[in-house]
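Structure assessment
Letter by letter, the chains look like this.
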Amino acid sequence: MFPYSLNRSQYLVRLLLLIVGIGLIGALTIPALSHSRGELGMAGLLPLLALLLIIPFRIAALDVPRIRSIGWSPWLLLLLLVPGVNGIFQILLFVMPPRDE
């Protein structure tokens, strides 16, 4: 589940599966939110809890192995927190070839 490195195709497949999973979580929790009539109960906390669990999982399972396969330092993942730079950095993770070992 947490490999040391990922090539481009493995990274793309895992990212697409994560996006589909986020869509399924949203599809299951948004109808529950519309029925709560503004009350923030357990149904209102589900999307927040899902995001708080998905973001660290994405970083550990996708971004760290991919950045290691490129040969960069995992500390560069802090650039994902900078608005505007994170999109460029995400594109670089897609297009950079793995380093030769």
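Worth saying up front: this structure is predicted, and the values here are computed from it rather than measured. Sequence order sets the numbering: in each chain, residues are counted from 1 along the sequence as written. Thresholds applied to this predicted model are a pLDDT of at least 70 for local features of residues and 80 or more for the giving and counting of side-chain atom pairs; totals over whole chains, interfaces and linings are not thresholded and use all residues. Hydrogens and water are ignored here; the side-chain numbers use all heavy atoms of the structure.

Helix and strand counts for the protein come out as 3 helices and 0 strands. Runs of H or I in DSSP of at least four residues are treated as helices and runs of E of at least two as strands, each being numbered from the N terminus. Along the protein, helices (α) and strands (β) appear in the sequence α-α-α when read from the amino end. In this scheme, a residue with accessible area under 20% of its type's maximum is buried, one over 50% is exposed, and one in between is partly exposed, where area comes from a 1.4 Å probe on protein chains only. Taking all 101 residues of the protein together, the buried fraction comes to 23%. Of the contacts made within the protein by residues no fewer than 6 positions apart, 64% connect residues no fewer than 24 positions apart. Here the accessible surface of atoms and residues is derived via Shrake-Rupley with a 1.4 Å probe, and residues count as covered only by protein chains that are part of the display. For the protein, the accessible surface area stands at approximately 7000 Å², while carbon and sulfur atoms represent 74% of it. Any two residues whose heavy atoms approach within 4.5 Å at even a single point are treated as in contact.

Membership of the largest hydrophobic core comes to 14 residues, with the highest contact counts inside it found for Tyr 11, Leu 62, Ile 67, Leu 77, Phe 89 and Leu 93. The set of elements that each furnish at least two residues to this core consists of α1 (8-35), α2 (42-70) and α3 (85-95). Among the elements that take part in this core, α2 stands out by supplying 6 residues, more than any other. For Tyr 11, the residues in contact, after removing those within four places along its chain, are Leu 6, Arg 58, Leu 62, Asp 63, Arg 66, Gln 90, Leu 93 and Phe 94. For our purposes a nonpolar core is just a set of buried Ala, Val, Leu, Ile, Met, Phe, Trp, Tyr and Cys residues, chained together by side-chain atoms within 4.5 Å.

Turning to the pattern of salt bridges, a few remarks are in order. By convention in these notes, a salt bridge is any Lys or Arg side-chain nitrogen within 4 Å of a carboxyl oxygen on Asp or Glu. The tally for this structure, following the rule as stated, stands at 1 salt bridge. The salt bridge partner of Asp 63 is Arg 58, with a shortest N-O separation of 3.7 Å.

Points on a 1 Å grid over protein atoms alone make up a cavity when a 1.4 Å probe fits among them but cannot get out, and a pocket when they form an open set with protein on both sides within 12 Å along at least five of seven lines; lining residues each have an atom within 4 Å of a point. Grid points are joined across faces, edges and corners, and a volume is the space filled by probe spheres set on the points. Quantified by volume, the largest pocket comes out at close to 280 Å³. Ile 55, Arg 58, Ile 59, Leu 80 and Leu 81 are, among the 15 residues lining the largest pocket, the residues nearest its centre. Residues that form the lining of the largest pocket fall into these classes: 13 nonpolar, 1 polar and 1 charged. Any residue that is not Ala, Val, Leu, Ile, Met, Phe, Trp, Tyr, Cys, Pro, Asp, Glu, Lys or Arg is counted as polar, Gly included; the first ten are nonpolar and the last four charged.

Positionally, Ser 69 belongs in helix α2. One polar contact links the side chain of Ser 69 to the main-chain carbonyl oxygen of Leu 6, over a distance of 2.7 Å. What qualifies as a polar contact is a pair of N or O atoms within 3.5 Å, subject to a donor-acceptor requirement within protein and to the restriction that residues adjacent in sequence count only when both atoms come from side chains.

Attention now moves to the packing of aromatic side chains. Pairing of aromatic rings covers Phe, Tyr and Trp, the last through its six-membered ring, and needs centres within 6.5 Å; plane angles under 30 degrees mean stacked, over 60 mean edge-to-face, and all others mean tilted. A full pass over the atoms with the stated rule returns 2 aromatic pairs. Between Tyr 11 and Phe 94 the ring centres are 5.4 Å apart and the planes differ by 65°, which places this aromatic pair in the edge-to-face class. Residue Tyr 11 is located in helix α1, and its partner Phe 94 is located in helix α3; the two are separated by 83 residues in the primary sequence. Overall, the relative accessible area of 27% leaves Phe 94 in the partly exposed class.

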